[in-house]
Amino acid sequence: MRIVVCIKQIGHICHPIGIDRKGGVIEPEKMIYMLNPYDEVAMEEAIRIKEKFPGTEVIALTLGPSRSEEVLRYSSALGADSMIRVNGDPTDPRTTATLLAKVIADMGCDIILCGKKAMDTNGGMVGSFLAEILDIGQTTGILKLYVDPKKRTALVERSIGRGDRELIECSLPALFTVERGMNEPRYPTLPHRLRSEKQKITRIEANSLTVAFDTESGLGGLPTLDPPRPKPKKVFTPDSQLSASERMRLIMSGGGRAAKKGDLIEGAPEKAAEAIMSVLIQEKMV
Amino acid sequence: MLSRLDLLFIVASLVLMATGFARRHKMWRLGDPAGDITIRSSKGWRRLILSIFRPRRFTDNLYENIAHLFIFWGFIIPLAIVLISQFRPILPAWAGHSISFLLDLIGLLAIAGTVMLLAKKFLRGNMPAGRRSIPLWILLAILITGFIAEGLRLSITADGPGNAHLLFSPIGFALSKLLPESPLFFDILIRLHFYLVLFFIAYMPFSVMRHAWASLFGLYHQENSREAAIRPIALEGDYFGTGAVEDFSRIQLMDSDACMSCGRCDENCPAHISGKPLRPRGVINEIGRQMEAAFQKNGAGGKQETGLLNTAGRIGQEDIWSCTTCLACVNICPIFARHVTDIVGLRRYAVLMKSQFPSEYKQLFKHMETFGDTFGIGSCMREEWTSGLNPARVYEDNEVDFLFWVGCSGALYEDRTRAKTLAAATILKRAGVSFGILGKEEACCGDPARRLGNEYLFQRLANRNIETLKSRGIKKIITSCPHCFHVLRNEYHQFGGDFEVIHLTQLLKDLFKEGRLTITSPSRSLLTYHDPCYLGRYNGIYDQPRELLGLLLESNVREMAACGNNSFCCGAGGGAFWCGKTTGRRIEEIRIEQAIATGAEGLVTACPFCEILFESAVRQMGADQSFKVVDIVQLVLQLTESN
């Protein structure tokens, strides 16, 4: 069984992005990068499958400049068997997906795991595009994955909100994008880390991939729709005649509107229950 | 006179003892010779002999130490006298008399010592595994039978002429009055006494009395802090840390035999006192048990892994992670066992091989790896504290005498710690010290990574820092963080970074002495001083901060009961600062209670981590109105004025 995990190097989510004081330009040398946390979860899941079914091959795949080899090495330290980097800049999700799809289609695989989204752009589209282009099944935002290599099926659990879970069975090959709560990624052991430092990374030039693009949209990718302007919010201005403490109170209470007073029912539990019931009946809520 | 049978018994007992000890030596050889310590033999002998005559920290455990002193010399001296007397040396009467008086006195003291130890065990209910007190009972029996035999001998010979010599054996003389004149009874008792001694000698390697032999090696191989620094491991191959008996050094295995289970390490361990599962003695004992098990399994050859941390082992996962590496156990241990080295080795195995450690540390490791600091903030923020002061940056080719190593807590943790760094820099400027900072080029010194067993991460950071320091031509470093201080001073030389490192308190004291700083008026507050472990026990700096405080304060420092090398940890060391959760009580709260008990109005410390934890503890305990926590640097800033 072969599992391909698509990973991405993103700017560190907790780091000040190092804006130049003069020009307001992001200084690349001040950037600190990290492996997209969702992808780390996907990698961990792939390795757990590998541990469960020996003989499974885990391949880490990324599209990015040479600095993104860092995250490839990290995922190899986590346990990936081989690493592939497509040299290029991730511009738009569709281009990325097309390039990755070409690499994956060339080598073939049973399971593709992606993070649900990258935490820099929060797009969450590459996975879906990838499955479409490869023409395989996909399930997004999964929380559990049970693979049956003999029957070539997978049973996945995904969240559908409000605490409900959905159980889906599908045949392989398939693509899954994973949710963050799926597992707790491990910390690489030193032997793995040392091995990863010596391991070879397969580098593929993006230009060398002969990719057939949909002529309608072209390689230029997707039109970006700006989100609508947020609705202006009314900011309450207190009367300047009032005393400072009074103004503070008004600002803090958000506009001086008297907070809705609740009724507090006190007494023994039985009596309190009766009183609550009568209120509910009075309000025609039961 | 000895009969042939006696000689046979003597030989048998000596052979038994020798084979027993040879077996223990074979067990120690299970250990990894590569991890051994090399000490110049002259130094080793000097340390060994000195520690026999001047036991370590005698007054800190007066009761046990006196008892041990009595027993030790009460065994050695009579044995020596009896051996020599076999050759029937011709002595003048006065020498014979004084020797016999000495023997009586020593015997009496030895009984006192034995009874003292037995009484302590009974009173404390502290009799782990019962068997440990057997040698004491044998010893007591030897001494009592010896006296009774002497009394019998004297009662038989007393009637002869010239009774003056009897007065030089007062106890024997007193007993002779009570005992019958029975040569048979005398014969039985002297034999009993003799065979008990032989049994005791033969029994030594098979009981805790083996410590008498093994601890000689421990005393020979004792180390000072620079030598005792954690040793680096080569980052090659596919096995790291100590996960099995064979991975300990031979000296470390020997420690477990030298251990008498006196329990002083447990009594002084802040983790143990605060109710955490760690028992330093338990770690040492468990290594000994595993060593015996491994030895029985495969003799003295062939490596067979005995998981020390697995479920079969008795060192639990939580145990090794609750150690704060404060060195209290190592420092009190009379035989210089290396508890912290053992624990760090076990941690190394857990982190580097098994990737098993409290999940909080994963974030810490990742922060140190990606950001180069322990808080995940980033090097571009390392100069934020300088606001307005504008210290020289070394990377801008400024020639400076000292490098001011700021450290993660000083540069990044929060406004309060940054204010302290600013205070330190302001004082240095006032005193006209030429100093510079590394600023954005500085990275974490790696201390938490090393204590937590992540040697890989530590070496990465250490090599990076050493390279920076060398390329900037740094020779002298001052730092206010004792952790950075220890690592830069005692551990970077392992990777080729030899710098002269001074702690800020040392420098400040000198600046006052030279008159480059003066005090406007000394503070009237009553303060107590907390010795940070990494300044005190690790580096022996106890006096300089006190001298500095002596200049700053009107009254003397109110010392806590646990001060100096007996200081009680704040609970931050060994990476514990980054692990929020805790079992039992919080260590820093116990320390604050000790501080409040002195009647002082506040506590001064010289470590940023101690200060952070104490401050929060004081707030937690609701004592922040009546008790304040101050850093020594801030105190200096308040009390000095620019010249």
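Residues numbered from 1 in each chain as written. Chains lettered and ligands numbered in written order. Predicted model: local features only at pLDDT ≥ 70, side-chain atom pairs only at ≥ 80, totals over all residues.

J.: How would you summarise helix α7 (residues 269-282) of chain A if you had to cite specific residues and measurements?
T.: All names here are of chain A. An ideal rise of 1.5 Å per residue puts 20 Å on 14 residues; α7 measures up with 20 Å between its terminal C-alpha atoms. Along α7, only 0 of the 14 residues are buried, which leaves the element largely exposed. Backbone geometry just downstream of α7 places K284 in the positive-phi region, at approximately 55 degrees. (Helix = DSSP H or I, 4+ residues; strand = E, 2+ residues; numbered from the N terminus. Expected span 1.5 Å × (residues − 1). Buried ≥ 20, exposed ≤ 12 C-beta atoms within 10 Å, placed from the backbone.)

J.: Describe the nonpolar core, and please don't skip the residues or the numbers.
T.: Formed by 146 residues in total, the largest nonpolar core has its most connected members in F404(B), L461(B), L488(B) and F614(B). The leading source of residues in this core is helix α16 (residues 339-354) of chain B, at 8 residues. Residues M34(A), L61(A), V147(A) and V178(A) belong to the second largest nonpolar core, which totals 56 residues. (Core = buried A, V, L, I, M, F, W, Y, C linked by C-beta atoms within 7 Å.)

J.: Tell me about the interface of chain B and chain A, and please be specific about residues and values.
T.: If you look at the interface, chain B gives 16 residues, while chain A gives 17 residues. Contributing elements (two or more residues each) for the side of chain B that touches chain A: α16 and α17 (360-370) of chain B. Per-element accounting of the side of chain B that touches chain A gives the leading share, 3 residues, to α17(B). Its residues assigned to classes, the side of chain B that touches chain A shows 9 nonpolar, 5 polar and 2 charged. (Contact = placed C-beta atoms within 7 Å. Nonpolar A, V, L, I, M, F, W, Y, C, P; charged D, E, K, R; others polar.)

J.: Quick rundown of unusual backbone geometry? Include the residues and the values.
T.: Residues and elements named next belong to chain A. Here L172 and P173 are connected by a cis peptide whose omega angle stands at 0 degrees. One can find P173 in the loop between β9 (165-171) and β10 (174-178). In this model, N122 sits at a positive phi of 55 degrees, which is unusual for a non-glycine residue. Relative to the elements of secondary structure, N122 occurs in the loop between β6 (111-115) and α4 (126-134). According to the C-beta neighbour criterion, N122 is exposed, with 8 such atoms within 10 Å. Not every positive phi belongs to a glycine, and D135 is a case in point at roughly 60 degrees. Within the secondary structure layout, D135 lies in the loop between α4 and β7 (137-148).

J.: Tell me about helix α19 (residues 415-430) of chain B, and name the residues and values.
T.: Helix length check: α19(B) (16 residues) gives 22 Å between terminal C-alpha atoms against 22 Å at 1.5 Å per residue, within 8%. Among the residues of α19(B), T417(B), R418(B), K420(B), T421(B), A424(B), A425(B), I427(B) and L428(B) are the ones counted as buried.

J.: Go over the sheet that holds strand β7 (residues 602-605) of chain B with me, naming the residues and quoting the values.
T.: Residue and element names in this part refer to chain B. In space, the 3 strands of this open sheet follow the order β6-β7-β8, with parallel pairing throughout. A single partner strand is all that each edge strand has here, and the edge strands are β6 (527-530) and β8 (628-631). Taking the axes of each pair of neighbouring strands and ignoring which way they run, one obtains an average angle of 30 degrees across the sheet. Looking at chain direction, β7 and β8 are connected through 4 bridges and run parallel. Counted as the bridge partner of G602 is K628 from β8. (Pairing = 2+ DSSP bridges. Axes fitted to C-alpha atoms, helices over the stretch in contact; angles between N-to-C directions.)

Everything listed is a geometric property; what it means functionally is a separate question.
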